[in-house]
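Okay, here's what each chain looks like letter by letter:
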Amino acid sequence: MISRDQKRWQMAAHVVLAVSSALALLPFILLVIISFTDDKTAIENGYSYLPAKWSTGAYEYLLQSADKFVRAYGMTILVTLIGTTVCVIITSMLAYMLSKRSLPGVKVLNFIVVFTMLFNGGLVPTYMIYTTVFHIKNTIWGLIVPNLMMSAFMIMLVRNYFEHSIPEELYESARIDGAGEFCIFFKIVIPLSVPILATVGLMTGISYWNDWQNGLYYLAKDKGGHLYTIQNILNEINTNIAFLASYNAGGVSSADLPTATARMAIAVIGILPIIVIYPFFQKYFAKGLVMGAVKG
Amino acid sequence: MGLPGLLYLLINNYMPMIGLTVAFKDYKYNLGIWDSPWVGFKNFKFLFKTGDAFVMVRNTLLYNVVWIILGMVLGVTFAILLNEVRSRYAKKFYQTVILMPYLMSMVVCAYLAFAYLAPGTGLFTNIFARITGREVSFYTETKYWPFILTFVNQWKGIGFGMILYLSSVIGIDPSLYEAAALDGATRWQQHMRVTIPLLKPTIIMMMILNMGQIFRSDFGLFYQVPMDQGALYSVTQTIDTYVYRALLQRNDVGMSSAASFVQSVVGFIFIVTANQIVKKVDEKNSLF
């Protein structure tokens, strides 16, 4: 039995959530519509949800300069794949070691991991160490290694899973059968930990796919431009617009800039894969976020 | 087995911590971090003599405080409303869609904002021009940006707040509501007297944990969305954007490393304090 009061609440909830969903979606819809707007119409009439003239010109432009964009897309995929794979492997290996509470020194190691959540050097020393000691400026490693490859919070997440969700008896029976730690790890622990590793992989994959900061810091346009990912290209266009808008154009002319509709088309192809796969992985993603929020 | 991971922490986290000493040095490119001469607090004196230090600390703290409170209110409200929805499909749809902006990079968010605010062509620019007869130049006028940044921040983050509090709302025993309804409590009263009090531990926990991050800011939001426009720095400059600009745009290692050092140390104090408070409130939610 549902009271009238309760019914009114449900109505209100539907209204608020439907309006919010629309607010969440409308910017993306505008982005897609601009990318399909005729360029001249976009400049003369401004951006609109109902453009006077539609066109696929922006995407034809992308096809014409396909070299650059296919390359950038390839870089995005490559960086995401390498980064995510390495992240899942080294995170789960370290987490496994930390889950062995009886191991001598494991308390110290735990502290070493947790301390990185509390204190960090920040951009300046990180940038200097990576560029002057490891020389990763303008190499692909500049996109993969800094900051994204492992985080203390992911380690804690996986460690807790190993400790609480895999029964201790399994380890013991494997040890009695003469299995070594590596064997136990790869044959027993990993197959039983697919849900948590999928969550970690998914979240890391999205941060690599979306990352533009490493490119901003570690790739210079003239020497590292060939390594740009899609996000780096989007960022570079923004930088050029900013230069054009300020009084010192700094050698940038509007000819260097793709048209407004083409820029939106690049953004569309940049977010397309995430929007397509996201609904299927929404459950894992939401779970990972909730787990991570309290710890870390 | 943990060796690769520990090695990574050494390179990515511990070497930069030692490298923080560069803030007390007169950095020379040919000498590097270790061999540059010590200058004591000179960099800090220079930094705090400029008005920049005050502006970036003020912006970082004020935006954070407002967003933490606003995010909490909206997150709890949306979680309660989502829990009212009976249809499983509608529930899943709302949750999926409202969480989607959370997955976007800040560069993409900057493009979305630009579609509305661009000079001459932006949708809002044109609508405002039609209504008021005056063209608003969003990317040069500071007074709009506290609202724009707040909107983008909440637009992106509200889905996260929602699912976070939802997991606590779902855990509330339904018999409590039944008992309250039998006593004649309206749905509003039920939420005020049952839901909110039961969410209080989660809310307090999240507030304290967020307070621990109050000296940090979302670099992308403050750098990308205002399109790095100098005219807007008075309302968009935070510690993170300052450090980046000083280091990579002006090559001023002294100033940027001093600001970076202050952020690391004060941030550390905030986090440890927050964690001590969490420990007092609820032992199992503390970080260490």
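This text goes with the structure placed above it.
Residues numbered from 1 in each chain as written. Chains lettered and ligands numbered in written order. Predicted model: local features only at pLDDT ≥ 70, side-chain atom pairs only at ≥ 80, totals over all residues.

A.B. asks: Before we go on, may I ask you to explain the overall build of chain B in this structure?
C.D. replies: Of the regular secondary structure elements, chain B holds 14 helices and zero strands. Secondary structure of chain B in N-to-C order comes out as α-α-α-α-α-α-α-α-α-α-α-α-α-α. C-alpha extents for chain B along the principal axes are approximately 75 × 60 × 40 Å. Within chain B, buried positions represent 43% of all 288 residues. (Helix = DSSP H or I, 4+ residues; strand = E, 2+ residues; numbered from the N terminus. Buried ≥ 20, exposed ≤ 12 C-beta atoms within 10 Å, placed from the backbone.)

A.B. asks: What is the right way to read the overall build of chain A from this model?
C.D. replies: A count of helical and extended segments in chain A gives 15 helices and zero strands. For 296 residues, the compact-globule formula gives about 19 Å, and the C-alpha radius of gyration of chain A, at 24 Å, lies well above that figure. Seen through its principal axes, chain A has C-alpha atoms that stretch 75 × 70 × 35 Å. Residue burial in chain A is summarised as follows: out of 296 residues, 38% are buried. (Rg over C-alpha atoms; globule rule 2.2 N^0.38 Å.)

A.B. asks: For this particular structure, what's the right way to read the environment of B:Arg130?
C.D. replies: Residue and element names in this part refer to chain B. Among the structural elements, Arg130 can be located in helix 7 (residues 123-132). The class for Arg130 is exposed, based on 9 C-beta atoms found within 10 Å. For the pair formed by Arg130 and Val97, sequence separation is 33 residues and the distance between their alpha carbons is 31 Å.

A.B. asks: Just to check I follow, could you spell out the nonpolar core for this structure?
C.D. replies: If you look at soluble globular proteins, the nonpolar side chains tend to sit buried side by side. Grouped together as the largest cluster of nonpolar side chains are 139 residues, with contacts concentrated most on A:Met264 and B:Tyr111. Ranked by the residues each element gives to this core, the list is headed by helix 4 (residues 66-99) of chain A, at 12 residues. Among residues more than four places away in sequence, those in contact with B:Tyr111 are A:Leu31, A:Leu234, A:Met264 and A:Ala267. Grouped together as the second largest cluster of nonpolar side chains are six residues, B:Met206, B:Ile208, B:Leu209 and B:Ala274 included. (Core = buried A, V, L, I, M, F, W, Y, C linked by C-beta atoms within 7 Å. Contact = placed C-beta atoms within 7 Å.)

A.B. asks: I keep staring at unusual backbone geometry and nothing clicks. Help me out?
C.D. replies: Residues and elements named next belong to chain A. Despite not being glycine, Asn138 shows a phi value in the positive range, around 60 degrees. Phi angles above zero are rare outside glycine, and Asn147 is one such case at about 65 degrees. Of note, Asn147 is situated in the loop between helix 7 (141-144) and helix 8 (152-165). You can call Asn147 partly exposed: it has 17 C-beta atoms within 10 Å.

A.B. asks: Teacher, can you tell me more about the interface of chain B and chain A here?
C.D. replies: Where interface size is quoted, it is often the accessible area lost as the parts come together. Taken residue by residue, the interface counts 72 residues in chain B and 80 residues in chain A. For the side of chain B that touches chain A, the leading source of residues is helix 1 (residues 3-19) of chain B, giving 11 residues. Across the side of chain B that touches chain A, the residue classes break down as 45 nonpolar, 23 polar and four charged. (Nonpolar A, V, L, I, M, F, W, Y, C, P; charged D, E, K, R; others polar.)

A.B. asks: When you look at helix 6 (residues 123-133) of chain A in this model, what are you seeing that I'm missing?
C.D. replies: In terms of residue burial, helix 6 of chain A counts as a mostly covered element, since eight of its 11 residues are buried. Of all the positions in helix 6 of chain A, only A:Leu123, A:Val124, A:Pro125, A:Thr126, A:Tyr127, A:Met128, A:Ile129 and A:Tyr130 are classed as buried. At its buried positions, helix 6 of chain A is contacted by helix 12 (213-218) of chain A together with helix 1, helix 2 (32-35), helix 13 (239-249) and helix 14 (253-281) of chain B. The positive-phi residue at the C-terminal boundary of helix 6 of chain A is A:His135, with phi of around 50 degrees.

A.B. asks: Sorry if this is basic, but what is going on with the packing of helix 10 (residues 187-211) of chain B against helix 14 of chain B here?
C.D. replies: Think of two packed helices as two axes; the pair is described by the angle between the axes and how far apart they sit. Residues and elements named next belong to chain B. Relative to each other, helix 10 and helix 14 sit at 160 degrees, their axes nearing to 8 Å. Taken together, the axis directions place helix 10 and helix 14 in an arrangement best described as roughly antiparallel. Remark: the crossing between helix 10 and helix 14 carries left-handed chirality. Between helix 10 and helix 14, the residues in contact are Ile204, Met205, Ile208, Leu209 and Met211 and Phe270, Ala274, Ile277, Val278 and Val281, respectively. (Axes fitted to C-alpha atoms, helices over the stretch in contact; angles between N-to-C directions. Parallel < 35°, antiparallel > 145°, perpendicular 65-115°, else oblique. Left-handed = near helix turned anticlockwise from the far one by under 90°.)

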